Amino acid sequence: MSLLERVDDAVFGDQEQSYIILVVDDDRSIHLSLVNAFRLENYQLEEAHDGMQAIEICTHRMPDLILMDAIMPQMNGFDACQRIRELPNGTDIPVLMITGLEDEGSIFKAFSSGATDYISKPFNFSVMKQRVAWLIKANRAEKHIKHLAYHDPLTSLPNRANLMQYIQPVVSHAVAKNEKFAVLFLDLDRFKMINDTMGHDAGDLLLKAVSDRIRYCVREQDFIARFGGDEFTIVLEKIQSADTAAKVAAKICHSLSQPFVFMQKKMFVTTSIGISIFPDNGSDVSSLIKHADLAMFKAKEKRNYFFFYETGMEAEIADRLEMELDLRQAIERGELELYYQPKIDFRTGDLVGAEALGRWNHPTDGISGPNVFIPLAEESGLINQLSDWVLEQGTNQLRSWLSKDYKLTLALNLSVKDLMAEELHSKLEALMRRHSLPKNVLELEITETTLMSHPELISAELVKIKNMGVSIAIDDFGSGYSSLNYLKRLPVDVLKIDRSFIQDIETGPSDSAIVSGIVGLAQSLGMKTVAEGVETDVQREILGKLGCDSFQGYLVAKPLPAGDFEEQFLHKTVTTDIQ
């Protein structure tokens, strides 16, 4: 089937009733014959007595075709046609001009005034009906093809080409009226992971649902386009100040952060939004979109957030891109190193394990912690490569310590992309076999938000990992949005209490209550608890009384290089002053 046949099928499969405006100043018999002929063919017909009345009707509702006499009193068909073409959406309406003038000048005048075609008097009614039907059909086919060219087929939103065509007149209007408008550039966070793990069908469903939620967050007159992939652009016209754009952006962030449910499964996605304001951040289309894009890149650092464009962002983004390149090379050049922070038993004061934490020893910038380069690795797609390095280095170091008869467990951190990668359990199994690691010496830490982002998908992989004798810990517990229903079903062994509840526990009774609740929850589910970020003896004493099993933090030691950790915590027992 050809493209035109497919378009014909799509547009005319269920033929809708066509609406015609008839403007004929002729003898009564011809007029009535035309009216009867079209009504018998199931056309919806509206009659205008002259060109002025035809224009008035078109201002309220554009027809599928206008059949109009060339010569009429008050306003002739040529002038009326020209005026109709100047109305909104008036350029696309077929106008069939009826004329008794067959000279070349009259025909030229008809087409130059905007007529689509003409038919000469006297005419055959059968020919007239065929001509009208063909013009309506051809016009609908043209509109359909134009819609395909300027709209996204998945979401039915305007596409990038449509946006570029739309926004230029907006700029001109804003200049003329001295008005402000905003361009919002949205990018979904971690959308590729959903596509890769759940399939493109699920990704398409999510994109359609996202576009629907965005529509509910803006005014009816605001322009929304799918810019490409998981990127959307919104144009907010006639805003009083940047606050209007900020409120819309915050509303979209909140709406999209709520769970999406497809096929009885929850999906979580957030968005990063960049905003540029006309004329403050640019006086032309390309500058406004470029600056909104730069601001979006800045928002990516936080996720589920929005940023306004600021002067100097180009340099900041350039630095970040250079840092991404450096990170790619850091893995190859051996600039990464694992540091180890001890984990201490509350009851005995003995060392029970360590957490491995990455450090980047940059040749010029010095040592950076994971809070600097892990988000960059996730955004740039380096996280799986980085995690492979962590797993390899961590298990190799653990094997070295175990071979010296040191007794400890080692916790390694994983991202959501690691858990979504195919056959993670097979990779771990191969590592454990290659390094001859026994069961119950390796622990994987997963943040609470990671675990709750795709609990059903992650759960199956975690069960396989736990069956291998690897413990599962939820990191930063209490900082996210855990569902207790999922928590009781997930194969979790350890809850690591987020440091935000520890830092004020000496003075904040609510923090003590929260920690007590987490400890009670863990005990009822057969899980252990670890308090993170313990820095004072008072904090340690309170947490011990609340029933925490172990802790880590600067009270004992900062994360240390492997040699220093071994010297301080493995060559000798932990001294009694921290008991």
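### Brief notes about the overall build of the protein chain
In terms of helices and strands, the protein chain carries 22 helices and 22 strands. The dimensions of the protein chain, computed from C-alpha atoms along their principal axes, are 115 × 50 × 45 Å. Evaluated residue by residue, the protein chain yields a buried proportion of 50% over its 579 residues. In the protein chain, the share of contacts with a sequence separation of at least 24, taken over all contacts with a separation of at least 6, comes to 67%. The averaged location of the 85 negative side-chain charges in the protein chain is 4 Å from the averaged location of its 59 positive side-chain charges.

### Observations regarding the nonpolar core
Most often, soluble globular proteins keep nonpolar side chains buried together rather than apart. In terms of nonpolar packing, the biggest core is built from 73 residues, with Y340, L444, L495, V515, L543 and F565 touching the most fellow members. The dominant element in this core, judged by the number of residues it contributes, is helix 14 (residues 383-403), at eight residues. Leaving out residues up to four positions away in the same chain, L444 has contacts with L391, L412, L414, L428, I465, V470, S471, I472 and A473. Core analysis: the next-biggest nonpolar cluster, separate from the first, contains 35 residues, A202, V218, V269 and I275 among them.

### Points about the side chain of D117
Tracing the chain through its elements places D117 in strand 5 (residues 117-120). Discounting residues that sit within four places of it in the chain, D117 has contacts with V95, L96, M97, F111, R131 and L135.

### Overview of the environment of N162
Residue placement: N162 occurs in helix 7 (residues 160-177). A relative accessible area of 12% means that N162 is categorised as buried.

### Considerations on the state of the cysteines
Summed over the entire model, instances satisfying the criterion amount to zero disulfides. In this structure C58 is a free cysteine whose sulfur lies 9.9 Å from that of C81, the closest cysteine sulfur available. On the basis of relative accessible area, C58 is assigned to the buried category, the value being 4%. The exposure class assigned to C81 is buried, which follows from its relative accessible area of 0%.

### Quick notes on the pairing of strand 14 (residues 351-362)
With ten of twelve residues buried, strand 14 lies mostly within the body of the structure. In this sheet, strand 14 lies alongside strand 13 (residues 336-345) in antiparallel orientation, the contact comprising nine bridges. By the bridge assignment, Y339 is partnered in strand 14 with L357. Linking two consecutive strands that pair antiparallel, namely strand 13 and strand 14, is a turn of five residues; a positive phi of about 80 degrees is found at G349 within it. Here strand 14 runs beside strand 16 (residues 409-414); their pairing, made up of three bridges, is parallel. In the strand pairing of strand 16, A354 is matched with L410. As paired strands, strand 14 and strand 15 (residues 366-368) are joined by three bridges and run antiparallel to one another. Paired with N361 across the bridge in strand 15 is I367. Counting the residues between successive antiparallel strands, the hairpin from strand 14 to strand 15 contains three residues.

### So, the sheet that holds strand 8 (residues 231-239)
Taken together, five strands build an open sheet; the order of strands is 7-8-6-11-12 and the sheet is mixed. On the outer flanks of this sheet lie strand 7 (223-228) and strand 12 (305-308), each paired with one strand and no other. Pairs of neighbouring strands in the sheet enclose a mean axial angle of 20 degrees, with direction left out of account. Sheet topology note: the strand 6 (residues 180-189)/strand 8 ladder contains seven bridges and is antiparallel. When the bridges of strand 8 are listed, L184 appears paired with I234. Contacting strand 6, strand 7 and strand 8, helix 9 (residues 200-217) runs over the sheet at an angle of about 10 degrees to strand 8.

### Quick look at the sheet that holds strand 2 (residues 44-47)
The sheet built from five strands is open, its strands ordered 2-1-3-4-5 with parallel pairing. The open sheet has two free edges, formed respectively by strand 2 and strand 5, since each of these has just one partner strand. For this sheet, the mean angle separating the axes of adjacent strands, direction not counted, is 20 degrees. Both strand 1 (residues 19-23) and strand 3 (residues 65-69) contribute to a ladder of four bridges, which runs parallel.

### A closer look at unusual backbone geometry
The step from F278 to P279 runs through a cis peptide bond, and the omega angle for that step is 5 degrees. Counting through the fold element by element, P279 comes out in the loop between strand 11 (270-278) and helix 11 (285-299). Unusually for a residue other than glycine, K238 sits at a positive phi of about 50 degrees. Its place among the elements puts K238 in strand 8. Look at N440: it is not a glycine, yet its phi comes out positive at around 65 degrees. If you trace the backbone, N440 turns up in the loop between helix 16 (424-434) and strand 17 (442-447).

### Examining helix 14
The terminal C-alpha atoms of helix 14, which comprises 21 residues, lie 30 Å apart, in line with the 30 Å expected from a rise of 1.5 Å per residue. When helix 14 is considered as a whole, its buried residues turn out to be I383, L386, S387, W389, V390, L391, G394, T395, Q397, L398, W401 and L402.

### Description of the environment of Y150
For Y150, the location among the structural elements is in helix 6 (residues 125-150). Look at Y150 and you get partly exposed, because its relative accessible area is 26%. C-alpha of Y150 to C-alpha of N76: the two residues are 74 residues apart in sequence and 35 Å apart in space.

### Overview of the packing of aromatic side chains
In total, this model carries 13 aromatic pairs according to the counting rule given. By way of ring pairs, the aromatic residues Y305, F306, F307 and F308 are connected into one cluster. Positioned above the aromatic ring of F260 is the side chain of R213, whose terminal nitrogen or guanidinium carbon lies 3.6 Å from the ring centre. Positioned above the aromatic ring of Y554 is the side chain of K558, whose terminal nitrogen or guanidinium carbon lies 5.3 Å from the ring centre.

### Looking at the packing of helix 12 (residues 313-333) against helix 13 (residues 370-380)
The contact between helix 12 and helix 13 brings their axes to 10 Å, and the two run at 90 degrees. With respect to each other, helix 12 and helix 13 are oriented roughly perpendicular. Contacts between helix 12 and helix 13 involve R320, M323, E324, L327 and R328 on the former and, on the latter, V372, F373, L376, A377, E379 and S380. Residue composition of the contact of helix 12 with helix 13, by class: six nonpolar, one polar and four charged.

Parameters and conventions
Residue numbers run consecutively from 1 along every chain, following the written order of its sequence. Local features are withheld for residues below a pLDDT of 70 in this predicted model, meaning they are given only at 70 or higher, and side-chain atom pairs are given and counted only at 80 or more; totals for whole chains, interfaces and linings count all residues. Only hydrogens and water are set aside; all other atoms, that is, all heavy atoms of the structure, feed into the side-chain values. Every helix listed is a DSSP run of H or I at least four residues long, and every strand listed is a run of E at least two residues long, numbered separately from the N terminus. Each residue is placed in one exposure class: buried if its accessible area under a 1.4 Å probe, protein chains only, is under 20% of its type's maximum, exposed if it is over 50%, and partly exposed if it falls in between. Note on definitions: a residue-residue contact is assigned when non-hydrogen atoms from the two residues lie within 4.5 Å. Positive: Lys, Arg. Negative: Asp, Glu. His and the chain ends are not part of the count. Lysine's charge is taken at NZ, arginine's at CZ, aspartate's at CG and glutamate's at CD. For our purposes a nonpolar core is just a set of buried Ala, Val, Leu, Ile, Met, Phe, Trp, Tyr and Cys residues, chained together by side-chain atoms within 4.5 Å. To count as a disulfide, a pair of cysteine sulfur atoms needs to be within 2.5 Å. For two strands to be treated as a pair, DSSP must find at least two bridges joining them. To obtain an axis, a line is fitted to C-alpha atoms, over the contacting stretch when the element is a helix, and the angle between two such axes runs from 0 to 180 degrees between their N-to-C directions. To estimate how far a helix should extend, the number of its residues minus one is multiplied by 1.5 Å. A pair of aromatic rings is counted whenever rings of Phe, Tyr or Trp (Trp by its six-membered ring) have centres within 6.5 Å, and the orientation is called stacked for planes under 30 degrees apart, edge-to-face for over 60 and tilted otherwise. We call a charge positioned over a ring when the NZ of a Lys or the CZ of an Arg lies within 6 Å of the ring centre and within 35 degrees of the ring normal. Oblique is the label for any angle not covered by the other classes, which are roughly parallel (under 35 degrees), roughly antiparallel (over 145) and roughly perpendicular (65 to 115). Only Asp, Glu, Lys and Arg are considered charged in this grouping, and only Ala, Val, Leu, Ile, Met, Phe, Trp, Tyr, Cys and Pro are considered nonpolar; every other residue, Gly among them, is considered polar.

Geometric descriptors of this kind do not, in isolation, establish any biological role.
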